Amino acid sequence: MGVHDGHRERMRQRFIDYGGQNLNSHELIEMLLYYAYPRIDTNEKAHKILDEYNGSVTRLVNSDPKSIADNCGISLNAATLFSLIGEINRRMAIEKWNKHIVLDKTSISGEYAVSYLDNLNIEKLYVVCLNSSMAVIKCVEIPGGTVDSVYVDVRKVVELALRNGATSVILMHNHPSGNLMPSFHDINFTANCLTALATINVVLEDHIIVANGKYLSFKAEKLLHKEGEHKK
């Protein structure tokens, strides 16, 4: 038995017997690293990793594997374990919603958007296709989609609405910077989508921006205007 085997077994048994609530964050990280480093003491690495992310497990697991590996000096294999946890947590948050949830209130659609987009460190854009009752038909990520690529994304939004037989659409994207305020590109992109969708008789119901666990609704802020129109 190796020098660290007894300690590892005691830690595992402690988790099995009492759960993780009585373990410190660095101890949970230490245990996770057992599966990437079977022969070395991982306690020091666990402290270093947590310090690198200012004690935030949320920031750690929602970072991409390469940045975790580079920032913490650990293997890409070990870093991937943390990112997997972040993605599993995100899917758990999404699963709480009924598949055909009705998004007829800003409070509901806002929380729906947060479930999909909170804590992501890259910008993502989703199109939520709705039927005439405002129930979700399908929520689709536009791969590589950002509001800066306006013309490409507008075409894709229209194609998705047509393909899924949507009566209305909600756009959702995140600001990894943490700033909720819409940019010029956000506003311009929204106006272009509103105009393009109207040509196929589809309503742009809302555009929701997510940052730091909060959301901003274009509809609630009265920012839904066609291209060329101005707020009065």
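Just so it is clear, the structure is predicted and the values come from calculations on it, not from any experiment. Every chain is numbered on its own, with residues counted from 1 as its sequence reads. For a predicted model such as this one, the threshold for reporting local features is a pLDDT of at least 70, and the threshold for listing and counting side-chain atom pairs is 80 or more; totals across whole chains, interfaces and linings nevertheless cover every residue. The side-chain numbers reported here are obtained from all heavy atoms of the structure, hydrogens and water having been left aside.

Participant: Got a minute to help me understand the sheet that holds strand S5 (residues 214-217) in this structure?
Facilitator: As a general point, the strands of a sheet are linked pairwise by backbone hydrogen bonds and lie either parallel or antiparallel. Across the sheet, 5 strands lie side by side as S2-S1-S3-S4-S5; this open sheet has mixed pairing. The strands lining the two open edges of the sheet, one partner per strand, are strand S2 (136-141) and S5. The sheet shows a mean angle of 20° between the axes of neighbouring strands, taken without regard to direction. The pairing criterion for strands is at least two bridges between them, as found by DSSP. Strands are runs of DSSP state E lasting at least 2 residues, helices are runs of H or I lasting at least 4, and numbering of each runs from the N terminus. Pairing analysis gives 7 bridges linking strand S3 (residues 168-174) to strand S4 (residues 203-211), with the strands arranged parallel. Residue pairing in the sheet places Leu-171 in a bridge with His-207 of S4. Every axis in this analysis is a line fitted to C-alpha atoms, fitted for helices over the stretch in contact. Angles between the N-to-C directions lie between 0 and 180 degrees.

Participant: What exactly am I supposed to notice about the confidence of the model for the protein here?
Facilitator: Do not read the predicted coordinates in detail wherever pLDDT is low. Per-residue pLDDT for the protein has a mean of 89; in total, 91% of the residues score no lower than 70. pLDDT is a per-residue confidence score from the predictor, ranging from 0 to 100. The spread of mean pLDDT over the elements of the protein runs between helix H8 (residues 150-163), the lowest at 84, and S5, the highest at 98.

Participant: How should helix H3 (residues 43-52) be read in this particular structure?
Facilitator: Residues spaced three or four apart along an α-helix point in a common direction, a consequence of the helix completing one turn every 3.6 residues. Each residue is assigned to one of three classes by its accessible area relative to the maximum for its type, calculated with a 1.4 Å probe on protein chains only: buried under 20%, partly exposed between the two thresholds, exposed over 50%. Looking at H3, one finds that the buried residues are Ala-46, Ile-49 and Leu-50. For H3, the buried positions fall inside an angular range of 95° around the axis, keeping them on one side. Away from the buried face of H3 by more than 90 degrees, exposed residues Glu-44 and Asp-51 are located. Note on contacts: a residue pair is in contact if any heavy atoms of the two residues lie within 4.5 Å. Those residues of H3 hidden inside the fold are in contact with helix H2 (25-33), helix H4 (57-61), helix H5 (65-72) and helix H6 (76-95). With its phi angle positive at about 50°, Asn-54 sits one or two positions after the end of H3. By construction, the arc corresponds to the directions joining the helix axis to the C-beta atoms.

Participant: Please clarify how the environment of Leu-224 should be interpreted in this entry.
Facilitator: Residue placement: Leu-224 occurs in the segment after S5. By relative accessible area, Leu-224 is classed as partly exposed at 22%. It is 8.3 Å that separates the C-alpha atoms of Leu-224 and Leu-204, two residues lying 20 residues apart in sequence. Discounting chain neighbours no more than four positions away, the residues touching Leu-224 are Thr-190, Leu-194, Leu-204, Glu-205, Asp-206, Phe-218 and Lys-219.

Participant: I tried to follow the pattern of salt bridges on my own but got confused; where do I start?
Facilitator: A side chain of one charge can pair with a side chain of the opposite charge when the charged atoms of the two come close. Criterion for a salt bridge: a side-chain nitrogen of Lys or Arg within 4 Å of a carboxyl oxygen of Asp or Glu. As enumerated under the stated definition, the model contains 8 salt bridges in all. Glu-87 serves as the salt-bridge partner of Arg-90, at 3.3 Å between the closest nitrogen and oxygen. One end of the pair, Arg-90, and the other, Glu-87, are both in helix H6, 3 residues apart, so they sit about a helical turn from each other. On the basis of relative accessible area, Glu-87 is assigned to the partly exposed category, the value being 25%. A salt bridge links Glu-205 to Lys-219, with the nearest nitrogen and oxygen atoms 2.3 Å apart. Of the two residues, Glu-205 is situated in strand S4 and Lys-219 in the segment after S5; the sequence distance between them amounts to 14 residues. Accessibility expressed as a relative area gives 17% for Glu-205, which makes it buried. Counted as one network, the salt bridges with shared partners bring together Glu-87, Arg-90 and Arg-91.

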